[in-house]
Amino acid sequence: MILKYEGVYYESNDNCQVTMDQLYKQLLELRTKEIVPFSNYDAFNINHVVLFINITGETDLKAVVFLCNQFNYPFEFIISEKVRSVLVENELENLLKNTQIHVHERFTYNGEYYLVKNDSNFKKKTTAVIIASYNYGSFLIEAIESVLRQTFLPDEILITDDCSEDNTQEIASIYVEKYPDLIKFNRNPTNLGIVQNFNKAVSLTKSDYICFLGADNRFRSDYIERTSEILDCNPRIGIAYTDFALFGPRARIVYDSFNEEWKGSIKYNEFYIINFPEFDTNAIETIKEGKNFIHGSSMYRREAFEEVGGYLQESTVPEDFNLFSRMISQGWLAKKVNQPLLEYRQHSRDQANNKMISYAELAFYKDAYKKSNMLIEDKEKYINWLENTNGEKDKGIQWLENQLLERNEGIEWLKAQLKEKDEGIEWLKTQLKEKDEGIEWLKAQLKEKDEGIKWLEGELENRNNDMK
Amino acid sequence: MGIDAINDYLNIQNSITDSDKYAKFLNDKRDIIIAESSFRSFDNVIDIGCGDGYITKKIRGNHILGIDISDAVIQKADENCTRNVEFSKHSLFDLIDEKNSKYDLVLFSEVLYEPYIGGSCNLIYKIIDNILNENGVVITCHVDDYYRMRFPYLLKNQLYFDNENDIYKLEVYIK
């Protein structure tokens, strides 16, 4: 595979600009591959990778060379004549002295290549960190922060709470809310004890590599970078372990109890380093004798874990030592990072359960308090707005009610009008009736008059006849 | 680097309106840094992003170097400079060139914020590792909300303190 970087910068304004940190991360992820010079590239070898990096006028060439030199890889830099012309004389030659960087004036490869983006991911194996807390709430924040600030981040973090009675759940929930894609939380409804809790926790993760961190301890920030490298580079190695640094009130006492030959340096009476033996045939004998030098926060392969059936209950030795012994008996190898990558707190149980408020915890709560306050302010603003809106709505309703009232009055008035009209009609009807009666009376009068006239006419005829 | 982020950051700085109060806070901060560095003596000290040198001039050590990318503050720092303190205009990333000088104490006070360093944390860890002696000390002091780094050394101490607006975190590392 040919990889080509268009440009590497301090910050990325579009996805083709890769930051120094992303370049570093991607170069770490490529350690399972065989990085070859372009001249040795075999396109049919799926493990071969060639790294082309385009140097632009805006690239900090010195910084990119320095970063690339941290890796034992060959690189192909594309430096155009134009870019080269602004460099001081011999600057490029001096920069590239004793490096594995080859310079090309332009990118001439005609075959297929992959353009590396800022968010490109070359990781083959994933890592889970399981933080186990049982009433270690007061140290939990320090443990979580030590994982979140790793130079090479894990793919998942599981906080497993074996039914603590302290603030473990509260702290974990806030972190889950803040990093929903990275952190998960498991709380056992009853206290399961170490073995069951650990087996359950492993079953709740899915990554290829697993490591446990006691909530009272901290990882040095290069723990994952260094331990996962060991597992990445040799598939027969099942466990990557480290030296550790004891600290805390009982550090000295615990340090004194170790084998003389394992005692390392003491740093400012603060850290007491234990240097464990390398994993060789002698070391395997040491393990068989029941002497452990692989601490419980070592990183191991899920494959090895599943092959030996996980942590076992019936063990007379500590569960982690028992697990690692069985892995080694099964033929898995182990390898040590010669650095104290685990900061191992030594305190009495009393102190741990004392709910001693650490500074980190104080800061955490102050921060949470500040955020809550901001939230409350926002909510208050919203309530104010709602109240104002409500007031306006009330006014609207008042107006509508008034309107309604006026309409009602209108209707009443109309009804009254109607009634008056009805009465008028009644009166008119009466009038009509009276008039009709008058007409009837007049008709009767007329009839009487007619009859009178007829009688008079009869009389007149009679008189006429008499006269004849 | 990100103008918006710098502006955001400067707004925070400016939000401390009472300048006397802020000056007092800077003094307190300096005193805390000096107190936390006094658990051993130092031969070579470097104060990276030293500003006008208000910490550089007070910190104890045989040879002290303050560097900053701003010409103006370096000139100001150079005034009334005592003989074992030097200032020069350099960036943190110029330290890649340091071939032989090894330091016993590296100090970062309000430098390692994203607007200033972009996405280059791992580059910085490597640069510092290159110039820091075995058993050397790194002290960092930053507003906790804007600081995401952790040097790959043993963390001797972490200390929190606050002014009215922010919680500061001070870390002491041992290589």
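For clarity, every value in this text was computed on a predicted model and none was experimentally measured.

(A) Fine view of the overall build of chain B. On a plain count of helices and strands, chain B comes out with 5 helices and 7 strands. For chain B, the sequential pattern of α-helices and β-strands runs α-α-β-β-α-β-β-α-α-β-β-β. Pairs at least 24 residues apart make up 59% of the contacts formed inside chain B by residues separated by at least 6 positions.

(B) Representation of the overall build of chain A. What chain A contains, in helices and strands, is 14 helices and 18 strands. In terms of C-alpha radius of gyration, chain A reaches 48 Å, well past the compact-globule figure of 23 Å for 468 residues. Considering only C-alpha atoms, chain A reaches an extent of 185 × 70 × 40 Å along its principal axes. Buried positions account for 31% of the 468 residues belonging to chain A. Sequence separation of 24 or more characterises 79% of the internal contacts of chain A that already satisfy a separation of 6 or more.

(C) The domain arrangement of chain A, seen in detail. All names here are of chain A. Domain boundaries in chain A define domain 1 (2-116), domain 2 (127-356) and domain 3 (360-468). Listed as interface residues are 4 residues of domain 1 and, on the opposing side, 5 residues of domain 2. When its residues are assigned to classes, the side of domain 1 that touches domain 2 shows 1 nonpolar, 1 polar and 2 charged.

(D) Spatial organisation of the UniProt feature "domain: Glycosyltransferase 2-like" (unreviewed entry) in chain A. The UniProt record marks residues 129-308 of chain A with the feature "domain: Glycosyltransferase 2-like" (unreviewed entry), using the residue numbering of this structure. Spanning residues 129-308 of chain A, this segment combines 36% helix with 26% strand, and its end C-alpha atoms are found 20 Å apart.

(E) Structural view of the pairing of strand β12 (residues 209-214) of chain A. All names here are of chain A. Most of β12 sits out of view: 5 of its 6 residues are buried. In terms of strand pairing, strand β9 (residues 127-133) meets β12 through 6 bridges, oriented parallel. Residue pairing in the sheet places Val129 in a bridge with Cys211 of β12. With 3 bridges connecting them, β12 and strand β17 (residues 299-301) associate as antiparallel partners. Bridge pairing in β17 places Tyr209 opposite Arg301.

(F) View of helix α6 (residues 168-178) of chain A. All names here are of chain A. Among the residues of α6, those classed as buried are Thr168, Ile171, Ala172 and Tyr175. Considered in projection along α6, the buried side chains sweep an arc of 95° and stay on one side of the axis. Projecting away from the buried face of α6 at angles above 90 degrees are the exposed residues Glu170 and Glu177.

(G) Broad picture of the UniProt feature "domain: Methyltransferase" (unreviewed entry) in chain B. Under the present numbering, the feature "domain: Methyltransferase" (unreviewed entry) in UniProt falls on residues 43-144 of chain B. Each end of residues 43-144 of chain B is marked by a C-alpha atom, and these two atoms are 29 Å apart; helix forms 23% of the span and strand 34%.

(H) Layout of the packing of helix α1 (residues 20-29) of chain A against helix α5 (residues 121-131) of chain B. At their nearest, the axes of α1(A) and α5(B) sit 6 Å apart, and the two run at 80° to each other. Taken together, the axis directions place α1(A) and α5(B) in an arrangement best described as roughly perpendicular. Judged by residue contacts, Met20(A), Asp21(A) and Tyr24(A) of α1(A) engage Cys121(B), Asn122(B) and Leu123(B) from α5(B). Across the contact of α1(A) with α5(B), the residue classes break down as 4 nonpolar, 1 polar and 1 charged.

(I) Highlighting the interface of chain A and chain B. Of the residues lining the interface, 33 residues belong to chain A; the matching set on chain B comes to 30 residues. In terms of residue count, helix α14 (residues 359-467) of chain A provides more of the side of chain A that touches chain B than any other element does, 6 residues in total. Residue composition of the side of chain A that touches chain B, grouped by class: 14 nonpolar, 6 polar and 13 charged.

(J) The arrangement of the sheet that holds strand β1 (residues 44-48) of chain B in detail. Residue and element names in this part refer to chain B. Taken together, 7 strands build an open sheet; the order of strands is β3-β2-β1-β4-β5-β7-β6 and the sheet is mixed. Every other strand in the sheet has two partners, leaving β3 (85-89) and β6 (154-162) as the edge strands with one partner each. Strand-to-strand, the axes of this sheet are offset by a mean angle of 15°, without reference to chain direction. Across 4 bridges, β1 lies against strand β4 (residues 103-109) in parallel orientation. By the bridge assignment, Ile46 is partnered in β4 with Val106. Across the sheet, helix α2 (residues 19-36) is in contact with β4, β5 (132-143), β6 and β7 (167-174); its angle to β7 comes to roughly 20°. Against the sheet, α5 engages β4 and β5, with an angle of about 140° to β5.

(K) Up close: the confidence of the model for chain B. Residue and element names in this part refer to chain B. Model confidence for chain B is summarised by a mean pLDDT of 88, while 90% of its residues fall at 70 or above. Ranking the elements of chain B by mean pLDDT puts helix α1 (residues 3-14) last with 56 and β4 first with 97. For this predicted complex, the interface confidence reaches an ipTM of 0.88, while the overall pTM sits at 0.80.

(L) Seen up close, the packing of helix α5 (residues 137-148) of chain A against α6(A). All names here are of chain A. Between α5 and α6, the shortest axis-to-axis distance is 8 Å and the interhelical angle comes to 25°. Here α6 runs roughly parallel to α5, going by the angle between their axes. Seen along the crossing, α5 lies across α6 with a hand that is right-handed. Contacts from Gly137, Leu140, Ile141 and Ile144 of α5 reach α6 at Thr168, Ile171 and Tyr175. Here the contact of α5 with α6 is composed, by residue class, of 5 nonpolar, 2 polar and no charged.

(M) Quick look at unusual backbone geometry. Residues and elements named next belong to chain A. The backbone of Cys163 shows a phi angle near 60°, a positive value even though the residue is not glycine. With respect to the helices and strands, the residue Cys163 is situated in the loop between β10 (156-161) and α6. C-beta crowding within 10 Å serves as the criterion here: with 15 such atoms nearby, Cys163 is assigned to the partly exposed category. Backbone geometry at Tyr268 places phi at a positive 50°, although glycine is not the residue there. Mapped onto the elements, Tyr268 comes out in the loop between β15 (263-267) and β16 (271-274). By the C-beta count within 10 Å, which is 13 here, Tyr268 ends up partly exposed.

(N) Looking closely at the environment of Leu231(A). All names here are of chain A. With respect to the element layout, Leu231 can be found in helix α8 (residues 223-233). On the neighbour-count criterion, Leu231 (22 C-beta atoms within 10 Å) is buried. Separated by 199 residues in the primary sequence, Leu231 and Thr32 place their C-alpha atoms 9.6 Å from one another.

(O) Inspection of the nonpolar core at higher detail. Counting residues in hydrophobic clusters, the biggest one holds 140 residues, and the most contacted among them are Ile131(A) and Leu107(B). The dominant element in this core, judged by the number of residues it contributes, is strand β14 (residues 237-247) of chain A, at 7 residues. Here this core spans two domains, and each of domain 1 (2-116) and domain 2 (127-356) of chain A adds at least three residues to it.

Definitions and limits used
- Residues numbered from 1 in each chain as written.
- Chains lettered and ligands numbered in written order.
- Predicted model: local features only at pLDDT ≥ 70, side-chain atom pairs only at ≥ 80, totals over all residues.
- Helix = DSSP H or I, 4+ residues; strand = E, 2+ residues; numbered from the N terminus.
- Contact = placed C-beta atoms within 7 Å.
- Rg over C-alpha atoms; globule rule 2.2 N^0.38 Å.
- Buried ≥ 20, exposed ≤ 12 C-beta atoms within 10 Å, placed from the backbone.
- Domains from an automatic or database assignment.
- Nonpolar A, V, L, I, M, F, W, Y, C, P; charged D, E, K, R; others polar.
- UniProt positions renumbered as here; feature names shortened; annotations may be inferred.
- Pairing = 2+ DSSP bridges.
- Arc of directions from axis to C-beta.
- Axes fitted to C-alpha atoms, helices over the stretch in contact; angles between N-to-C directions.
- Parallel < 35°, antiparallel > 145°, perpendicular 65-115°, else oblique.
- pLDDT = per-residue confidence, 0-100.
- Left-handed = near helix turned anticlockwise from the far one by under 90°.
- Core = buried A, V, L, I, M, F, W, Y, C linked by C-beta atoms within 7 Å.

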